[in-house]
Amino acid sequence: MLDLETLHKRLNARAQLTGAGEGVLLLDADGRDAQLLLQDVHAEHALIAPELAELHLLVDRAVGLEIMHKLGDVVVAVLDAVQRALARALGVLALFVLAFWLTGCDPAVFWARRAHLRDIVSQLFPPDWSYLSAIVAPLLATLRMSVTGTALGVLLALILAPLCAANLPCPAPVRRILRFLVQVLRSFPALILALLATFLFGLGTFSGTVAITLFTLAVMTRMTYEDIETLTLAPYRALCAMGASPARAYARAVVPEIASGYLTNALYLLETNVRHSAILGYVGAGGIGLLLNEKISWREYGRVGAILVCLFVTVCCIEWLSHVLGRIIRGERSIPRGARRMIWAAVLVCVVVCTAGIEAPDLAHTSKSVLAAMGTGLLHPDWSFFFGTGKDGLGWLLLETVGIALAGTGLGALLALPLAFLSTPKLLPRPVALLFRVLIVAIRSVPFLIYGLIFIRVSGPGAFTGVLTLAVCSIGLLSKRFTEAIESLDFRAYDALRAMGVSLLPRIRYAVLPQLGPAFSSAVLYRFDVNIREASVLGLVGAGGIGAPLIFAMNQYAWNDVSAIFLGFVLLVWLIDVGSARLLSLIHI
């Protein structure tokens with residue numbers, strides 16, 4: 001049997017002698033693919049027919065080998081991908097199993113004492129409607145703190161964000177310092193900020209407003225400068241080249257580009273801050289939290305139910321308002337210019353009225369000696385506690401906090417996934433989806449400390465209560481994020497399967513789930529980041545983690561211990577941020 005090169009030479013020689021034209025044989029680098037191009041073939045082409053026949057045979061064999069080779073490559077690639085996916089799945093599963101073991105989760109205990117949960121729920125409903133008149137004033141105080149703190153925070157973030165953005169002019173040392181301060185503020189939940197504010201400004205809604213403002217400022221600044229860093233900034237540079245100042249160029253060229261995402265984030269934070277403000281009364285920062293704590297302590301569950309219903313209605317109204325305004329902001333609904341101006345005027349009036357209703361700070365108990373003691377203690381951490389290796393050391397407490405957050409996030413994601421599909425009108429009839437959406441809003445409207453106070457009566461004090469609390473809290477946010485991801489999908493493949501008569505579950509399996517991996521992973525990582533912060537205050541109700549030592553140290557003015565906990569917690573949150581960013585980059589590759 002001749003090889004291709006020999007056939008090529010003989011073919012060309014025979015073609016030149018017979019006038020049949022020159023055969024051009026194209027070979028690739030491996031000599032596996034071949035094609036014969038004959039030009040101006042005359043009647044004498046029969047003289048080269050034997051070589052052509054053998055050539056075609058060799059080409060067919062080469063093509064077959066090439067197909068088998070490529071098929072083998074595909075099989076190897078698929079097996080490699082399956083192995084990597086399986087390794088990742090086993091790694092995640094092992095991580096969650098470790099977290100459940102670390103936090104002492106015992107479903108048998110919860111199941112054995114489930115009657116306590118049923119008794120509490122039965123006492124919450126029906127609510128004590130006669131108590132509504134006493135709820136109005138603290139509920140309005142909660143809304144004032146939320147609106148004022150959110151407005152001040154988002155406004156300050158719009159000023160601070162350009163100084164933190166890497167693609168806008170700002171001295172590098174200043175940018176690093178501001179980013180560090182934002183990272184420190186982001187490390188602490190609003191409840192811890194409120195407790196600190198009460199030491200400086202006394203009890204009342206002023207301290208709560210300060211806490212909400214700082215919390216909003218930190219979150220909003222980071223989201224805004226990250227949005228700025230995604231822009232090309234060509235209009236900004238053009239304005240600067242024309243002589244405009246950086247501030248004017250920022251206002252004219254950058255702010256309009258980020259306005260839609262900025263306002264959408266502001267609405268989301270307003271909704272979040274209402275729930276945060278509802279628990280600030282636990283540390284004396286005003287609002288309805290003080291009333292909730294009092295009624296739960298006295299086990300007046302009928303009145304607690306009335307408070308929770310009021311919070312549910314409030315959250316539903318804010319969510320509806322956020323949805324309507326969000327559609328206008330994103331351009332999905334057009335309104336006249338006059339109506340748009342009226343909306344802005346109404347927002348401004350609301351902010352002014354809420355700000356005017358905030359109580360003045362109570363500085364009667366604040367003195368220079370108190371501030372000096374606080375400053376000295378915070379600047380001198382207790383290093384023996386910081387480097388302690390026992391179960392009362394900082395390392396173990398932080399590890400337990402991570403375990404609580406991780407186990408709670410995993411359990412919450414597992415429960416949120418079916419709820420997200422059940423609340424999607426594109427997959428189920430609209431009345432059924434609406435029913436599940438109401439359920440999700442009801443879950444989200446209850447402050448997380450309330451869940452902690454309820455579950456501690458079921459599973460007792462400890463980390464397991466913290467896991468149950470964060471799991472239920474995770475259901476609300478993750479269900480919403482999952483539902484939004486599902487509704488933004490391309491449903492053409494799903495509709496095609498439905499037209500072919502495929503049942504619901506296979507349609508979801510093959511047309512929906514493959515598109516949702518990155519969005520779901522991002523939502524779970526974001527919720528884990530939130531749960532780390534919320535786990536830091538669950539110790540307030542005896543639910544394990546670093547929260548209890550932190551609250552006790554602050555109440556006892558042990559600022560050296562507080563400083564050590566703050567430092568360890570900031571480092572922990574920073575490490576989690578770095579790890580989450582790395583995981584997100586791998587997910588979206």
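As shown above, the structure is provided for reference.
This text gives an overview of the structure that appears in the document. (Residues numbered from 1 in each chain as written. Predicted model: local features only at pLDDT ≥ 70, side-chain atom pairs only at ≥ 80, totals over all residues. Heavy atoms only, no water.)

1. Section: unusual backbone geometry
And then number 1: At the junction of F125 and P126, the peptide bond is cis and its omega measures out at 5° in the coordinates.
And then number 2: Note that P126 resides in the loop between helix 4 (114-124) and helix 5 (132-164).
And then number 3: In this model, R299 sits at a positive phi of 55°, which is unusual for a non-glycine residue.
And then number 4: Phi is positive for Y557, close to 60°, though the residue is something other than glycine.
And then number 5: Mapped onto the secondary structure, Y557 falls in the loop between helix 22 (547-555) and helix 23 (559-587).
And then number 6: Residue classification places Y557 among the exposed residues on the basis of a relative accessible area of 52%. (Helix = DSSP H or I, 4+ residues; strand = E, 2+ residues; numbered from the N terminus. Buried < 20%, exposed > 50% of the residue type's maximum accessible area, 1.4 Å probe, protein only.)

2. Regarding the packing of aromatic side chains
And then number 1: Tallied over the entire structure, the rule returns 11 aromatic pairs.
And then number 2: Taking 5.2 Å as the distance between ring centres and 80° as the angle between the ring planes, the aromatic pair formed by F199 and W559 counts as edge-to-face. A residue pair is termed long-range when its members are at least 10 positions apart, and F199 in helix 7 (residues 190-201) and W559 in helix 23 qualify at 360 residues.
And then number 3: Looking at F199, the relative accessible area reads 13%, which means it is buried.
And then number 4: Look at F482 and F520: their rings are 4.0 Å apart centre to centre, the planes differ by 20°, and that puts the pair in the stacked class. Residue F482 is found in helix 19 (residues 463-487), and its partner F520 is found in helix 21 (residues 504-535); the two are separated by 38 residues along the sequence. The same class applies to F482 as to F520, namely buried.
And then number 5: A network of ring pairs unites the aromatic residues F188, F566 and F569 as a single cluster.
And then number 6: Between R114 and the ring centre of W111, over which it is positioned, the NZ or CZ distance is 4.0 Å. (Phe/Tyr/Trp six-rings, centres within 6.5 Å; stacked < 30°, edge-to-face > 60°. Lys NZ or Arg CZ within 6 Å of the ring centre and 35° of its normal.)

3. Quick notes on helix 6 (residues 172-186)
And then number 1: Relative to the 21 Å expected for 15 residues at 1.5 Å per residue, helix 6 spans 21 Å between its end C-alpha atoms, a close match to the ideal helical length.
And then number 2: Every buried residue of helix 6 is listed here: R175, L178, V182, Q183 and R186. Relative to the axis of helix 6, the buried residues are bounded by an arc of 140° and lie together on one face. Opposite its buried face, helix 6 presents the exposed residues P173, R176, I177 and F180, each directed more than 90 degrees away. (Expected span 1.5 Å × (residues − 1). Arc of directions from axis to C-beta.)

4. Focus on the pattern of salt bridges
And then number 1: Taken as a whole and assessed by the stated rule, the structure comprises 16 salt bridges.
And then number 2: Note that K295 and E300 form a salt bridge whose closest N and O atoms lie 3.3 Å from each other.
And then number 3: The partner of E534 in a salt bridge is R527, with the nearest N and O atoms 3.1 Å apart. By the burial criterion, E534 is buried, and R527 matches it.
And then number 4: Among the charged side chains, a network of salt bridges with common partners joins R186, R222, E226, D529, R533 and D577. (Salt bridge = Lys/Arg side-chain N within 4 Å of Asp/Glu carboxyl O.)

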